[in-house]
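Overview (structure and organization)
Here's the letter readout for the chains.
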Amino acid sequence: MLERIVNELAALDNIKAVALSGSKTSAIKDDNSDWDIYVYSSSRVSLDAREKILSTAASRINCSPFEEGDEAILPDGTVLDIMYRSLDWSEWQVDDVWRKCNARVGYTTCFIYNIKTSKILKANDDWFAVLQKETAGAYPEKLRENIIEKNMDILCGKGTSTFLKQAELAWKRSDTVSQNHRLSAIIASYFDVLFAYNRVLHPGEKKLQGYAHLLCHALPDSFDSNLETAIRSAGTDEYIPAVRNLVSNLSALLERQA
């Protein structure tokens, strides 16, 4: 059934490629990994077409909260997450990040990683293969510099609204919800910097400690214990020392020879 769904999606007039990415193509996968199918098209794939293709599976159409997408459960229990991406948006992502070296606040190169590690299931021309070949090139040094600069500035720079200062304010207010919110932002930028420092693409939001050990040649001192202490510290007197220590050891790593 999975093969049939892929073939029918690829047979639609506006489709360039159908690819498998996400957990199933990652270096760290387990039995809980679902199938992330990405459909690249020159125009929107109609809801009617999607409903027809998924009609023999238990499915929810147009239900993704992040990208336009559908969910389907096959009779054998296989879970499909099907995401639909426009060619223009995909090209813009590669152009803005990979070619022009513009950094984000957290997760900068996740889309590039997704493209690079995708497995092409069906392609109607070489558009996706060309894009994939480009993202397989050497990590741009300017992009590395920009990611580190942007994210370290928002983490602990001289501004009045850095994540670290916001975390301190949240602790002074005994605002545990805000403490968790700021810590999530700190960790997002922390890993963006860490992967950029090591010149590896950011693999996404799951299993990041494992990926850091697998992909990075250098990690901050006390990497695992710093993270775990910071994560469990919200609402306690450990919170600010733990967050400061996390950021401080990352800063110390950046001072070493790359």
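Residues numbered from 1 in each chain as written. Predicted model: local features only at pLDDT ≥ 70, side-chain atom pairs only at ≥ 80, totals over all residues. Heavy atoms only, no water.

An unreviewed UniProt entry annotates the protein as DUF4037 domain-containing protein of Candidatus Ornithospirochaeta stercoripullorum.

**A short note on helix α8 (residues 176-197)**
So the rule is basically this: Each helix corresponds to a stretch of at least 4 residues labelled H or I by DSSP, and each strand to a stretch of at least 2 residues labelled E; elements are numbered beginning at the N terminus. Helix span, expected: 1.5 Å multiplied by one less than the number of residues in the helix. Burial status follows relative accessibility: with a 1.4 Å probe on protein chains alone, a residue under 20% of its type maximum counts as buried, one over 50% as exposed, and anything between as partly exposed.
Here α8 spans 31 Å end to end across 22 residues, near enough to the 32 Å set by a 1.5 Å rise per residue. Here α8 lies mainly inside the structure; 16 of its 22 residues are buried. In the segment just after α8, Arg 199 is the residue with positive phi, at about 60°.

**Quick notes on the side chain of Asn 249**
Quick reminder of the rule: Here a polar contact means two N or O atoms within 3.5 Å. Within protein one must be a hydrogen donor candidate and the other an acceptor candidate, and residues neighboring in sequence count only if both atoms are side-chain atoms. Here, two residues are considered to be in contact whenever any of their heavy atoms come within 4.5 Å of each other.
Its location among the elements puts Asn 249 in helix α11 (residues 239-254). Among the polar contacts made by the side chain of Asn 249, one reaches the side chain of Asn 226 at a distance of 2.7 Å. The residues contacting Asn 249, other than those within four sequence positions of it, are Pro 220, Asp 221, Ser 222 and Asn 226.

**Some words on the environment of Asp 192**
Along the chain, Asp 192 turns up in helix α8. It is 7.4 Å that separates the C-alpha atoms of Asp 192 and Asn 151, two residues lying 41 residues apart in sequence. With residues near it in sequence (within four places) discarded, Asp 192 still touches Arg 104, Val 105, Gly 106, Tyr 107, Thr 108, Thr 109, Ile 147, Asn 151 and His 202. In terms of polar contacts, Asp 192 uses its side chain to reach the side chain of Asn 151, at 3.3 Å.

**Some details on helix α7 (residues 163-172)**
Counting along an α-helix, one turn takes 3.6 residues, and residues three or four places apart therefore face a common direction. Applied cut-off: The arc under discussion is defined with respect to the helix axis, by the directions toward the C-beta atoms.
Listing the buried residues of α7 in full gives Phe 163, Leu 164, Ala 167, Glu 168 and Ala 170. For α7, the angular spread of buried residues about the axis comes to 160°, placing them on one side. Lining the buried residues of α7 we find α6 (141-156), α8 and α11. Ser 174 occupies a position one or two residues after α7 and carries a positive phi of about 55°.

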